[in-house]
Structures are given as C-alpha cells and as structure tokens.
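# Chain and residue survey
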Amino acid sequence: MYEYAKKEYAAIGVDTERALDALKNIPVSVHCWQGDDVIGFDGSDSLSGGIQTTGNYPGRAVGFEQLKSDIAQAFALMPGKKRLNLHASYAVLNGDDKDRDEYAPEHFAPWTKFAKKIGLDGIDFNPTLYAHKMVKDGLTLSSPDERVRKFWIKHCIACIKISEYFAKEFGTRTLMNIWIPDGFKDIPADRLSPRLRLKDSLDQILSVKYDKSKVVIAVESKVFGIGLESYTVGSNEFYQNYAARNGVCCLLDNGHYHPTEYVSDKIPSLLAFYDTVALHVTRGVRWDSDHVVLFEDELKEIAKEIVRNDAIDKVIIGLDYFDASINRLSAWITGQRAMQKALLYALLTNHDELKKLQDAHDFTALMVKQEEYKTMPFGAVWDEYLKRENIEKDYLTVVRQCERK
C-alpha cells in the first residue's frame, strides 16, 4: 500500500520519503494538564479564571507519580518528536513550603529527570495565574491592588528563571507563555486602566535579564471566559501591539477567538512581522471549550500554513485541551496523532503547484486540484510513518488494558 501511495504522490510532484523524514523531526509540545483535569499539585482543588473541565471519567491522575506514569504511557503511543508542556502549578514541592512567587528550578528537577528518561526534546513552561488565593476579584497582573500585582510579577520572573533552567538542561529553546484570566463579567467603567497596569506588569517582568536565545516569552490573548464575558484585559489587540513593541512572541490559541475567526489565517499575518510564532492547538465547539484535537479542516489549514510558508522552524506547536468525560490517555494520544496527521497531510501537498495556479488566477484548476488531494492515499503513508516510528496503529486496545490494570 505504501509503494502504491508513493507512486501516486510522485505523479503529482510529492516525495513521500522527504515528507516522512521532515515529519519525524517536527517537535510537538504535549500539555501535562490533560492527565489531571488541570488541577495541578500545589493545593488548588478548584479551577478559576473561566477554566473548567466537564465529565467525571475514572482515572484522573493524582500527584506526580501517577501523572508521570500516565504521561510515559501516553507518550509511548505517540509518534514523532515530543516535548512536555508544564504549568507552574505542577511544581514538585516535596513538603517545601513555597508559594508560586518563590518557585525555583529545584521544584522542577524531577520533571527534567523524567523528561530525559523518556527521551523528550525539551520542556515548555507556563506561569499559573489562576486557581490561587492571590487571584483577587478575578484579577492578577492588572489588579489595582499592588500587593496582588507584585506577587504575580514575582511569579512570572521566577518562571523565567525556571524556563532558562529547562533550556540549559535540554539544549533546546523553552517557550514560556503568559496567559492571565483578568477581566469583568459585565460592562466595565474603565477599560484602559487595567490594560495600563498589565502593560506595566509585563514591562517589569521583561526588565529581568534572560537569555533570549534560550527562552522565548510569549503572551496569549483571549476573547472572553466564564465570569469575564464582557471584558478581557489581555485582548488580541493589546497583546499583538505589546509583542511587536517589546520583541516577544504572540501565542495563538485557536479557541481564543470568535467562532468565525481562523488561526490558520492569523499565522501568515504574524509571519510577515515576527521571526517566531507560537500555537496552542485546541478544538473549540461554539466557544473556547478545549475539546480534544481532531483531524479536521481547520487543523489541516493550520498545518498547511506552517509547511507551505517554510515556517517549521518558526512556529512553535503546542497542544492545549482537556476532556474529563473520556479516557485521558486516549484524549492525549488522539490529539497528538491528529496534529501529526495534519502536518503529514501538509507535507504531502504540492504547494508550489497550487501557488502558481493562484498567481495565474486559475481558480478553476486550483479548486479541482485541492479536491483531488482529499482522496489521495494519505492513510497508507500515515501507516508507514507509524511503522517506522515503531508505533502501533491501534492504541485503544493498549489504553483499555491500562484502564483495567
């Protein structure tokens, strides 16, 4: 089947061997928080900031050992180069009475040891600015309470140091992404002041010296969340302007925009101005619902924009979803494989030919060619990729065995 597919793709100018070689070297950062429903280790037993999981499927990981075991099992069933994406709330404190503003590399050394053991490419990191007593009235870095604001500034600065530690340990760049839940449920009386406070907080965080060749700092916008439906301090317009002015990265989460907005269209817009673009790939259903990523049209378009713009080394791909209604290992594996499928689909497309048709205004041929790609023998190439990665196509059987055990 693969030999047949290889010939079929060769006939349209696509080298499947080249595609397979490229795919295995594209790192995908897989989020730890699918395994425990975003709870973390530092004492938070409830979520805030518009974050919630739905469902009560058995098997939620509790503590470092269980989460580590589940990650190892899930990652063993994922093809390709993988990274681990951690939130600061997953610090392994081992009785150390430290709050988030005092976290240090030592609290994440167990994660480094684990990630090296299972052969990961590196660790990406996120300050955790939710589910904590210092989130006052739903505000963090934009709070009018200076004590609150300083706490979270210290936390983000501590996270820069931890990110540098990860980068040095693995010899690869670490993405440190800042997302805050700040906003208001109803119509605010002052939209500017919270954003000026956020701007000042970010300025203070970025005033700390760090190795920009090792740490990529990103800011992540959002339209709204539960409890902050009317106003979000960290809007898309705010962060894109801040990132452009201050030399940091814009992270695009494809659940954080209006339902008719597409991140696939935003990627080339940012590539025109930024050397690095970061993604949190998710699947929104009507809103930012963080459903498990599937091999659907928008995911395909996201991957196409990465591949056809020669941006594999410019776009940092991370996953971000959490579903508590299904087996969590299966959720992890399904989403990661979907991302890999989308990248392979993009790599198996003759983008040069399609671009020429567009430039020639031959939109009739362009439509026909794009439709023909949909029935190319993609599945046979995917199966060959799994075979070369020594990964079984059937992961449900293994997941069910783990579930019973």
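Since the structure is predicted, the reported quantities are computational estimates derived from the model, not experimental observations.

What follows concerns the nonpolar core. Grouped together as the largest cluster of nonpolar side chains are 123 residues, with contacts concentrated most on L86, W111, L141 and L279. Sort the elements by how many residues they give to this core and helix α10 (residues 328–347) lands first, with 12 residues. In contact with L279, not counting residues within four places along its chain, are L251, L252, V263, I267, I302, I306, V315, I316, I317 and G318. Counting residues in hydrophobic clusters, the runner-up holds 7 residues, among them C249, L251, A278 and I316.

Before going further, it helps to spend a moment on the side chain of D37. One can find D37 in the loop between β1 (28–31) and α3 (63–75). Polar side-chain contacts of D37 include one of 2.9 Å to the side chain of R328.

Okay, the packing of aromatic side chains next. The geometry of two aromatic rings is summed up by the distance between their centres and the angle between their planes. For the coordinates displayed, the defined rule picks out 20 aromatic pairs. For the pair F108 and F166, a centre-to-centre distance of 6.2 Å together with 80° between the ring planes defines the contact as edge-to-face. You can see F108 sitting in the loop between β2 (82–87) and α4 (109–117) and its partner F166 sitting in helix α5 (residues 146–170), a full 58 residues away along the chain. Comparing F108 with F166 shows no difference in burial state: the two are buried. Directly above the aromatic system of F295 lies the positively charged group of K300, at a separation of 4.7 Å from the ring centroid. Directly above the aromatic system of Y345 lies the positively charged group of K300, at a separation of 5.0 Å from the ring centroid.

Another point: the environment of Y103. Looking at where Y103 falls in the secondary structure, it is placed in the loop between β2 and α4. Among the residues examined, Y103 registers a relative accessible area of 5% and is labelled buried.

As a further point, take helix α11 (residues 351–359). Turning to α11, its buried residues are H351, L354 and L357. An end-on view of α11 places all buried positions within 125° of arc, on one side of the element. Summarising the geometry of α11, the exposed residues directed more than 90 degrees from the buried face are D352, K356 and D359. For α11, the secondary structure elements touched by its buried residues are α9 (297–308), α10 and α12 (363–373). Directly beyond the C-terminal end of α11, a positive phi value near 60° is found at H361.

The next subject is the pattern of salt bridges. Within this structure, the stated rule accounts for 25 salt bridges. In this structure, E65 and K68 form a salt bridge, with 3.4 Å as the shortest nitrogen-oxygen distance. Of the two residues, E65 and K68 are both situated in helix α3; the distance of 3 residues between them amounts to about one turn of the helix. Between K374 and E371 there is a salt bridge, with the nearest N and O atoms lying 2.6 Å from each other. Among the residues examined, K374 registers a relative accessible area of 53% and is labelled exposed. Residue classification places E371 among the partly exposed residues on the basis of a relative accessible area of 43%. Three or more residues joined by partner-sharing salt bridges are found here, namely E301, K304, E305 and R308.

Calculation rules
Residues numbered from 1 in each chain as written. Predicted model: local features only at pLDDT ≥ 70, side-chain atom pairs only at ≥ 80, totals over all residues. Heavy atoms only, no water. Core = buried A, V, L, I, M, F, W, Y, C linked by side-chain atoms within 4.5 Å. Buried < 20%, exposed > 50% of the residue type's maximum accessible area, 1.4 Å probe, protein only. Helix = DSSP H or I, 4+ residues; strand = E, 2+ residues; numbered from the N terminus. Contact = heavy atoms within 4.5 Å. Polar contact = N/O pair within 3.5 Å; in protein donor to acceptor, adjacent residues only side chain to side chain. Phe/Tyr/Trp six-rings, centres within 6.5 Å; stacked < 30°, edge-to-face > 60°. Lys NZ or Arg CZ within 6 Å of the ring centre and 35° of its normal. Arc of directions from axis to C-beta. Salt bridge = Lys/Arg side-chain N within 4 Å of Asp/Glu carboxyl O.

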